[in-house]
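# Summary of the model geometry
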Amino acid sequence: MNRRIERYRNILDFALSSLLRRKGKNLSLLGMYTVIVFFIASLVFFIQALKREAALVLDGAPDLVVQRLVAGRDDPIPVAYGYKISAIRGVSEVKPRFWGYYYDPVTRANFTLVASGDDPPGRESIYLGSGVARLMHLNAGNYLSLRGAKGASQVFSVQKILASNSELVAADLIQIREDDFRTLFDFPAGRATDLAVSVRNKVEVPTVAAKIAHEFPDTRPILKSEMLRTYASVFDWRGGMVIVLLFVAVLSFVILAWDKATGLSAEERKEIGILKSIGWETGDVLILKSFEGMVISLTAYLAGVCLAYLHVFFFSAPFFEQALKGWSVLYPQFKLAPFVDPYLLCVLFFLTVCPYTVSTIVPSWLAATVDPDTAMRS
Amino acid sequence: MIELIEASKTFNAGQANQFIAVDKVSCRISRGGLTVLKGPSGSGKTTLLTLIGCMARPTSGRILLHGVGKVCLPGLAVEDTVEITSLPERFLTTIRRRMFGFIFQHFNLVRGITVLENVMLPAYPTGAPVAEVRLRALELLETLGVSRHAASRVERLSGGEMQRIAIARALVNDPLLIIADEPTAHLDSRLSEEFMELVAGFKGAGKSVLIASHDPIVYGAAQADAVIEMRDGRITGCGTHP
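Bear in mind that the values here come from a model prediction, so they are computed numbers and not experimental data.

In terms of helices and strands, chain B carries eight helices and ten strands. Within chain B, the proportion of its 242 residues that are buried is 46%. Pairs at least 24 residues apart make up 66% of the contacts formed inside chain B by residues separated by at least 6 positions.

So this is what it looks like as structure tokens:
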């Protein structure tokens, strides 16, 4: 048993020594490999952290949102619907919500105006999302002028800047009082944008939704799980775009790695012949080449993953954030909470380490099965 | 110790460029002596060495190793005979590692690593503790007078020094038979004489030596116990001295 361990140790020693002999080739390969792993791992970390972030933010969302549809389009919903919905068994609370979009031609940005909330601002005052505040260079105590639906401008005092822990979803948010909202948008009385419905037993949410849809055929109940799914698919889709680009990079790398790994030089072939002629078995040569491949790929994997972790969770992924966090000019600025999915790390490991290791073994195996007398004649 | 019975080696068999390198060679190589294969270039000496050294298989004929069964393969008795002609590759490798030490014409040292590592290389897959192998390698380098180069890269050494490193490497697994192919081809007369003195030392230590050479310093040496003369793949003469 000890001899077997010693054998592996000796061959590993020689593998490390062999790698050092071809510093230039191996370092360039290691660098390239690390960069690819870094990009893929960054992307995986980023998407996972974003999805988790969105899930955390939506955790406080209502169980159901009821919208009214007219000719298949959203229309303000009568607040009176809420009284009837609250009478459905299992419904604990119904709250009308007021929200809409405001396009600012100066900054060319769309803001989300919201008029619900337990802590509304004072009259003719607003709360600003940190993205809006940053874009418009506003602080608490400053004033913001918004152009109303009838063409008149309304001036609001900035009461506070919203905390940045929910910046991903709330970067473009402006929170406003309900009466100011109605005045600004000339919103019809007795109507709300939608209704937020809370249900006591979460298992009953689909049943309650079905009852609402039955009782109010002109409405569309949206489940919280559907909202979470939509967010997840949006992040997946954005990630998918970068994955397509990365695929091209990975493919280039695979071609390069294959070329480097499979193309045994005449010197390497001769060395395999020498090793066999002095008593190395074909299996010993394969172990040697596997160790060489594993050292390169494992080092690149670990370095790439560690760098990706730093890139995403300590430096907020500067390479990706503009492509992935949103399309508007209001790019959120916040630190993602570190979150690593071991399953994805394993997938990444098998996609990067295994193919390279195998690609180094095959040509060595072909070379090592040749009679060693070629070494005698070289 | 080694017996060849009508051993032949044909390259590119059945093709237009078919070439018979060794043609029905039968001979015996005795234990504890120096046997020299003498002949011009292309006479089949090197091919015969590769057949005896388990580096290639004969196309036809048999090669037998007498009285070394225990050394060759586990489970055999000392007096057992092993026919290497039909053995699978992994058994051939075991025999090659345990029985033979090779000194190549061009030394075939691995460039880029140290002299000490080169000498230790054949022992790595045996699973011997690295400290033990290192000590043995250093002792061999000391015996051969090149221990000062232990930490040097092999490509920085002279031809004579490289040959001594190749000898040390051939001896590190303590083989029964040392096989050398044209060992003096790249040495001047003085170094060739020194090499033959080393060979005398091997004989004194109980090792068998088989050398292929067309250098008179080798085949004319007093240490040669048998000289086998070859031409065109056949044995044309045999004796203690040509």
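Once you've had a look at it, read on.
Turning our eyes to something else, we now look at the overall build of chain A. Looking only at helices and strands, one finds 13 helices and 13 strands in chain A. Taken over 378 residues, chain A has a buried fraction of 35%. Of the contacts formed within chain A by residues at least 6 apart in sequence, a portion of 81% connects residues at least 24 apart.

On to the nonpolar core. Of all hydrophobic cores here, the largest spans 85 residues; its most connected members are Val119(B), Met120(B), Ala137(B), Ile165(B), Ala166(B), Ala168(B) and Ile179(B). Ranked by residues supplied to this core, first place goes to helix 6 (residues 159-171) of chain B with seven residues. In terms of nonpolar packing, the next biggest core, distinct from the first, is built from 35 residues, Val65(A), Ile85(A), Phe98(A) and Ala133(A) among them.

What follows is about the interface of chain B and chain A. Each side of the interface is counted separately: chain B has 28 residues, and chain A has 25 residues. Elements with a minimum of two residues in the side of chain B that touches chain A: helix 1 (45-52) and helix 3 (89-99) of chain B. Looking at the side of chain B that touches chain A residue by residue, the classes come out as 13 nonpolar, eight polar and seven charged.

We now examine the pairing of strand 4 (residues 60-65) of chain B. Residues and elements named next belong to chain B. Where strand 1 (residues 2-11) and strand 4 come together, five bridges link them in antiparallel fashion. Paired with Leu-4 across the bridge in strand 4 is Ile-63. Strand direction decides the pairing type here: strand 4 and strand 5 (residues 82-83), joined by two bridges, are antiparallel. Looking at strand 5, one finds that Leu-64 is bridged to Glu-83.

A few words now on helix 6 of chain B. Residues and elements named next belong to chain B. Its 13 residues give helix 6 an end-to-end C-alpha distance of 19 Å, which sits within 8% of 18 Å, the value for a rise of 1.5 Å per residue. Among the 13 residues that make up helix 6, eleven are buried, leaving the element largely enclosed by the rest of the structure. Along helix 6, the positions that sit buried rather than exposed are Glu-161, Met-162, Gln-163, Arg-164, Ile-165, Ala-166, Ile-167, Ala-168, Arg-169, Ala-170 and Leu-171.

Attention now moves to the sheet that holds strand 6 (residues 109-114) of chain A. Residues and elements named next belong to chain A. Spatially, the six strands line up as an open sheet ordered 5-6-10-7-9-8, and their pairing is mixed. Single-partner strands in this sheet number two, and they are strand 5 (99-104) and strand 8 (143-147). The average angle at which neighbouring strand axes cross in this sheet is 35°, direction not considered. Relative to strand 9 (residues 153-161), strand 7 (residues 125-128) runs parallel, the two being bridged by four bridges. Across the sheet, the residue bridging to Ser-125 is Ser-157, located in strand 9. Helix-sheet contacts for helix 6 (residues 178-185) involve strand 5, strand 6, strand 8, strand 9 and strand 10 (173-176), and the interaxial angle to strand 10 is about 110°.

On to the confidence of the model for chain A. Per-residue pLDDT for chain A has a mean of 82; in total, 84% of the residues score no lower than 70. Taking the mean pLDDT of every element in chain A, the minimum, 59, falls on helix 13 (residues 373-377) of chain A and the maximum, 94, on strand 3 (residues 77-78) of chain A.

Although it is not a glycine, Glu124(A) sits at a positive phi angle of roughly 55°. Residue position: Glu124(A) is located in the loop between strand 6 and strand 7.

Residue and element names in this part refer to chain B. Pairing in this open sheet of six strands is mixed, and the strands run 6-7-8-3-9-10 from one edge to the other. The sheet is open, and its two borders are formed by strand 6 (100-103) and strand 10 (234-239), each paired with just one other strand. For this sheet, the mean inter-axis angle between neighbouring strands, taken without regard to orientation, is 20°. Lying over the sheet, helix 7 (residues 189-204) contacts strand 3 (34-38), strand 7 (177-181) and strand 8 (208-213), oriented at roughly 150° with respect to strand 8.

Moving on to the confidence of the model for chain B. All names here are of chain B. In the predicted model, chain B carries a mean pLDDT of 87, and the fraction of residues at 70 or more is 95%. Put simply, helix 2 (residues 69-72) is where chain B has its lowest mean pLDDT, 65, and helix 4 (residues 115-120) is where it has its highest, 94. Quick note on the complex model: pTM equals 0.70, ipTM equals 0.85.

Residue and element names in this part refer to chain A. Where helix 9 (residues 266-277) contacts helix 12 (residues 342-368), the two axes come as close as 9 Å, and the packing angle between them is 55°. Comparing their axes, helix 12 and helix 9 come out oblique. Helix-helix and strand crossings are classified by hand; for helix 9 and helix 12 the assignment is right-handed. Residues Arg-269, Ile-272 and Lys-276 of helix 9 lie in contact with helix 12, whose contacting residues are Ser-364, Ala-367 and Ala-368.

Turning to the packing of helix 1 (residues 2-21) of chain A against helix 10 (residues 282-313) of chain A, a few remarks are in order. When two helices pack together, their arrangement is given by the angle between their axes and by how far apart the axes lie. Residue and element names in this part refer to chain A. Running from N to C, helix 1 and helix 10 point in directions that differ by 55°, and their axes come no closer than 9 Å. Considering their axes alone, helix 1 and helix 10 lie oblique with respect to each other. Crossing handedness for the pair helix 1 and helix 10: right-handed. The residues of helix 10 that touch helix 1, namely those facing Tyr-8, Ile-11, Leu-12, Phe-14, Ala-15, Leu-16, Ser-18 and Leu-19, are Asp-284, Ile-287, Leu-288, Phe-291, Glu-292 and Val-295.

Moving on: the pairing of strand 8 of chain B. Residue and element names in this part refer to chain B. Most of strand 8 sits out of view: six of its six residues are buried. Neither face of strand 8 is exposed, since Ser-208, Leu-210 and Ala-212 on one face and Val-209, Ile-211 and Ser-213 on the opposite face are all buried. Two elements, strand 3 and strand 8, share five bridges in a ladder whose sense is parallel. Bridge pairing in strand 8 links Lys-38 to Ser-213. Pairing geometry for strand 7 and strand 8, over five bridges, is parallel. Looking across to strand 8, one finds that Ala-180 is bridged to Ile-211. Handedness of the crossover joining strand 7 and strand 8 through helix 7 is recorded here as right-handed.

A few words on the environment of Val36(B). All names here are of chain B. By secondary structure assignment, the location of Val-36 is in strand 3. Here Val-36 falls in the buried class, since 28 other C-beta atoms lie within 10 Å of it. Linking Val-36 and Leu-210, residues 174 residues apart in sequence, is a C-alpha distance of 5.8 Å. Those residues in contact with Val-36, other than ones at most four positions away along the chain, are Ile-211, Ser-213, Val-218, Tyr-219, Ala-224 and Val-227.

Procedures and definitions
- Residues numbered from 1 in each chain as written.
- Chains lettered and ligands numbered in written order.
- Predicted model: local features only at pLDDT ≥ 70, side-chain atom pairs only at ≥ 80, totals over all residues.
- Helix = DSSP H or I, 4+ residues; strand = E, 2+ residues; numbered from the N terminus.
- Buried ≥ 20, exposed ≤ 12 C-beta atoms within 10 Å, placed from the backbone.
- Contact = placed C-beta atoms within 7 Å.
- Core = buried A, V, L, I, M, F, W, Y, C linked by C-beta atoms within 7 Å.
- Nonpolar A, V, L, I, M, F, W, Y, C, P; charged D, E, K, R; others polar.
- Pairing = 2+ DSSP bridges.
- Expected span 1.5 Å × (residues − 1).
- Axes fitted to C-alpha atoms, helices over the stretch in contact; angles between N-to-C directions.
- pLDDT = per-residue confidence, 0-100.
- Parallel < 35°, antiparallel > 145°, perpendicular 65-115°, else oblique.
- Left-handed = near helix turned anticlockwise from the far one by under 90°.
- Right-handed = clockwise from strand over helix to strand, strands pointing away.

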